[in-house]
Structure formats: structure tokens, C-alpha cells
Amino acid sequence: MDKNHLLKLLEAVAGGHMSAEDGAEKLQHIAYEDITYAHIDHHRSLRKGFPEVIFGEGKTAAQIVGIMDKMMDQEDIILVTRTAQQKADVVLSHFPTSVYHADARMIVLELNPVPITGRGLILIISAGTSDIPVAREAYLTAIAMGNTVDTIFDVGVSGIHRLLNHTALISQATVVVVVAGMEGALPSVVAGMVDRPVIAVPTSIGYGVNLGGVTALFAMLNSCSSNVAVVNIDNGFGAGYMAAMINRD
């Protein structure tokens, strides 16, 4: 339950449009709701400004549907990450207004319009085309959190002139998210071009000694550019969330 939902509830009780008993009923799970297989953190929107996000991997479609059903009355938007097509089909059959983004493996259910509250532009950059799914996860997360977001894809260091052609857009961003696999060099290059925070996302894309993204992770952690921070391998969601937090007005 976010602050707007709570205020509307209290105003309804204060104005006599809702009984105190009904108001109390709606608030009984304000901290969390135990549905056996999940303890849903309804208080997270009040505490952190954005609702709990459902991690779809490892959950059944029925569990995802059950959690979403309990969140619907209290949130403006619900995100489900890391969800395969088969599970998404079941979820969409229960919530027809939700949208499945197959490239990011993400479900978005927008219950009320999300206003733009970010103070500037978040820019998502991918080194290669193969890194786009992780970049799209970051993009959709930042959009859902009320930001203006733009993207530049496939501008890795093997053809650095492609990146340099976008210098004007890069310089406009308040926060830049850079997603790269292979040797993970691109975040350092971008960070050397701007005076803004750069969030580096290593991906598991790459040949043998890429080690499932560990090589890119280590390279980003060892960046000589001081304005680089690093999230976990393939964690587009975490990068998009952090960028949105930095971009808050």
C-alpha cells in the first residue's frame, strides 16, 4: 500500500464514506500478509516508495497469480521478473490487462497510470545485441518506477565509433546504466565521458573464459573510472531500480 492509497482510505473513513470497521479490515495486512507460500510485504510501498517485485523464477504460475491477486487492491503497478512464456500465459489468462515482455522475461500489470516523478533522463546502453534482454529488464523497471528512459543498443568497444555518435544523448542523462558481457569494458569507457553515475551490469554473454559473466564482473569492479558502481551478473532489474532511486526528484 503506497501513501496515496493510504491517504484515500483514511479520507474515506474520515468523510464517512467508509466505516471504521471496513477501514480496519483493509489495514489488517498493512505490514505483510501470510498466504502460506509467501509473506507479501504490503508495507514496502510506504517504506521504500515502490511495491514488492515478484521474482518469477522458481515459483509456479499459480503462486504468482496468488501473490498478484493479493497485491491488486493496494498497488498501482505490479512487476514479475524472470518469468518464462508458459508461466506468463497462465498469468495473462487471469489478468488480461497485464503485458508480457518476452525479451526481458517480465510481466507488467499497470493498475493505475504511473506518473513521471524522476528528475531527469535514465539512459540504458547495451554493449551488444545479445545483452539487450538484460538491458530491457533495466528499462522496464525504470519506466515502472516513474522515469523517462531512453536506450542505445549495440555500441560496444569493438566499434567504439558507434558509441561516440551518441555523445549528445549520453551527456543529457542523469544516470546511465551500461550492460555488457564479454570482457565488460564498456562501462569504464562511458563513465570516462560523463560526470554522472554509471551503473554497470555484467552479463553472462561470452565465450569460455567469460566464465558466465565473472570476467565482466571483475573488470567492472576494477574500473579505473571513479563514477562506476556495479550490480550482480544479469541483474537488469537491480540496475533499473538503483537508477530510479538515484533519479528521484
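Residues numbered from 1 in each chain as written. Predicted model: local features only at pLDDT ≥ 70, side-chain atom pairs only at ≥ 80, totals over all residues. Heavy atoms only, no water.

Caption draft 1: Fine view of the overall build of the protein. Secondary structure assignment for the protein yields 11 helices and 11 strands. Considering the protein as a whole, with its 249 residues, one finds that 48% of them fall into the buried category. Here the analysis covers contacts within the protein between residues at least 6 apart in sequence; of these, 67% occur between residues at least 24 apart. (Helix = DSSP H or I, 4+ residues; strand = E, 2+ residues; numbered from the N terminus. Buried < 20%, exposed > 50% of the residue type's maximum accessible area, 1.4 Å probe, protein only. Contact = heavy atoms within 4.5 Å.)

Caption draft 2: Molecular detail of the sheet that holds strand 7 (residues 121-126). Pairing is parallel across the open sheet formed by 5 strands, whose spatial order is 8-7-9-10-11. Pairing within the sheet leaves two strands with one partner each, and these edge strands are strand 8 (148-152) and strand 11 (228-230). Between one strand axis and the next, the sheet turns through 25° on average, direction left out of account. Against the sheet, helix 6 (residues 132-144) touches strand 7, strand 8, strand 9 (173-180) and strand 10 (198-202), its axis set at about 170° to strand 7. Together, strand 9, strand 10 and strand 11 form the strand contacts of helix 10 (residues 214-221), whose direction differs from that of strand 10 by roughly 160°. (Pairing = 2+ DSSP bridges. Axes fitted to C-alpha atoms, helices over the stretch in contact; angles between N-to-C directions.)

Caption draft 3: Representation of the side chain of Asp41. Locating Asp41 in the fold gives a position in the loop between strand 2 (39-40) and helix 3 (44-48). Among the residues examined, Asp41 registers a relative accessible area of 13% and is labelled buried. Separated by 2.7 Å, the side chains of Asp41 and Arg47 make a polar contact. (Polar contact = N/O pair within 3.5 Å; in protein donor to acceptor, adjacent residues only side chain to side chain.)

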